[in-house]
Amino acid sequence: MKIEKNGYVGVRMHDLGSFEPEQLAGKLNEYGFSCGQLAIPKSIPGIASYHDVTDGLLEKIRTVFHEKAISVSVLGCYIEPVHPDKAERDKHLQNFAQGIRSAAALKAGCIGTETTTFCGGAAEWDKAFSILCHSVEFMLEKAKPFGVTIGIEPVRFHTLRSPEAAYQLMKCFRGENIGIIFDALNLLAPDGAGSQQALWRECFDAFGQDILACHIKDGAPNEERREWIEGPLGQGVLDYSGICDGLKRLGKQVPLLREGFLEAHAQTELQYLNEIYIGGVRG
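Here we summarise the structure given alongside this text.

A short note on the overall build of the chain
For the chain, the helix and strand inventory stands at 10 helices and 10 strands. Relative to the compact-globule value of 19 Å for 283 residues, the chain shows a C-alpha radius of gyration of 18 Å, a close match. The principal-axis extent of the C-alpha atoms belonging to the chain is close to 55 × 45 × 35 Å. Taken across its 283 residues, the chain has 54% of its residues classed as buried. Taking as baseline every contact in the chain between residues at least 6 positions apart, the subset at least 24 positions apart corresponds to 78%. Carbon and sulfur atoms provide 49% of the accessible area of the chain, an area that totals close to 12700 Å². Within the chain, one finds 29 positive and 37 negative side-chain charges whose respective centroids are separated by 4 Å.

Take a look at the structure:
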């Protein structure tokens, strides 16, 4: 059964492999995706960082994506904005600044990053959060002239580790061009699947209106219930009903981006994403 494409169901593009722009656009079109998350160094051969991205390459991507009616929902530029070494952290931030230029050229919905692994206590977290805020200030300063929006992804073992932490960050920068990339599995502990609906309600109460895009994936806990084993959509423990309810209440279109796309399940995964879209964003 051929599933009709829509502009809000997409994929993390480098899950398809590394291709020249024409081939990448063709692959996206072949699988039925109209949008996605593009990390150029991971998706295009010969690109080590955003410092290597030329105007010519951006024009090529823009042209072939336009021909296939494909949009960039998130320009992926995953850096370490809370790296403990300031010199190293500054290198990451400069790479992000270069990524902003690419995001602007491709008219991306946002440029996205996570926030560095964190495993300390409360006092250490306060310091890490302060560093994160300084990094975000820099990112926003660089993005403002280009009209680019920053997307920050909370992860339970990173500095931005909870709905409350995400709420605090959004509160600090209310009115700025910044929002949240919501990855449910990245916030759910492997031993917490039984209480996930309460977590989804907490997430939408904390940052629902700030959601720029959703990463969609599924999985099951390993034997020790400490890590996730990711797998096909619909075959894990993720119950997207509460997330659909939250998306529905937002009253806005949010891209749903499959992370961890499995080619062997391409048709069923696209159908699953469309069902979430109809049940949530369009419900």
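Quick notes on the pattern of salt bridges
If you walk through the whole model with that rule in mind, you get 12 salt bridges. The salt bridge partner of R12 is D15, with a shortest N-O separation of 2.9 Å. Taking the shortest distance from any N to any O, the salt bridge between E269 and R258 comes out at 2.7 Å. You can see E269 sitting in helix α10 (residues 266-279) and its partner R258 sitting in strand β10 (residues 256-258), a full 11 residues away along the chain.

So, helix α9 (residues 241-250)
At 3.6 residues per turn, the α-helix brings residues three or four places apart onto the same side. If you check which residues of α9 are buried, you get G242, I243, C244, G246, L247 and L250. Contacts made by the buried residues of α9 are with β6 (178-183), α7 (184-187), α8 (196-207), β7 (211-216), β10 and α10. Phi turns positive one or two residues past the end of α9, at G251, with a value near 70°.

A closer look at the nonpolar core
In terms of nonpolar packing, the biggest core is built from 90 residues, with L38, I40, F65, L75, L169 and F182 touching the most fellow members. Sorting elements by how many residues they give to this core places helix α5 (residues 122-143) first, with 10 residues. When neighbours within four sequence positions are excluded, L75 is seen to be in contact with L38, I40, Y50, G99, A103, L106, A108, C110, I111 and G112. Within the second largest apolar cluster, six residues are counted, among which are C110, I181, A213 and L257.

Considering the environment of F118
Residue placement: F118 occurs in the loop between β4 (111-113) and α5. The exposure class of F118 is buried, given its relative accessible area of 13%. Considering only alpha carbons, one finds F118 and R89, 29 residues apart in sequence, at a separation of 15 Å. With sequence-adjacent residues up to four places away left out, F118 is seen in contact with E124, W125, A128, F157, H158, T159 and R161.

Calculation rules
Residues numbered from 1 in each chain as written. Predicted model: local features only at pLDDT ≥ 70, side-chain atom pairs only at ≥ 80, totals over all residues. Heavy atoms only, no water. Helix = DSSP H or I, 4+ residues; strand = E, 2+ residues; numbered from the N terminus. Rg over C-alpha atoms; globule rule 2.2 N^0.38 Å. Buried < 20%, exposed > 50% of the residue type's maximum accessible area, 1.4 Å probe, protein only. Contact = heavy atoms within 4.5 Å. Areas by Shrake-Rupley, 256 points an atom, 1.4 Å probe, with all protein chains shown as cover. Lys, Arg positive; Asp, Glu negative; His and termini not counted. Charge placed at Lys NZ, Arg CZ, Asp CG, Glu CD. Salt bridge = Lys/Arg side-chain N within 4 Å of Asp/Glu carboxyl O. Core = buried A, V, L, I, M, F, W, Y, C linked by side-chain atoms within 4.5 Å.

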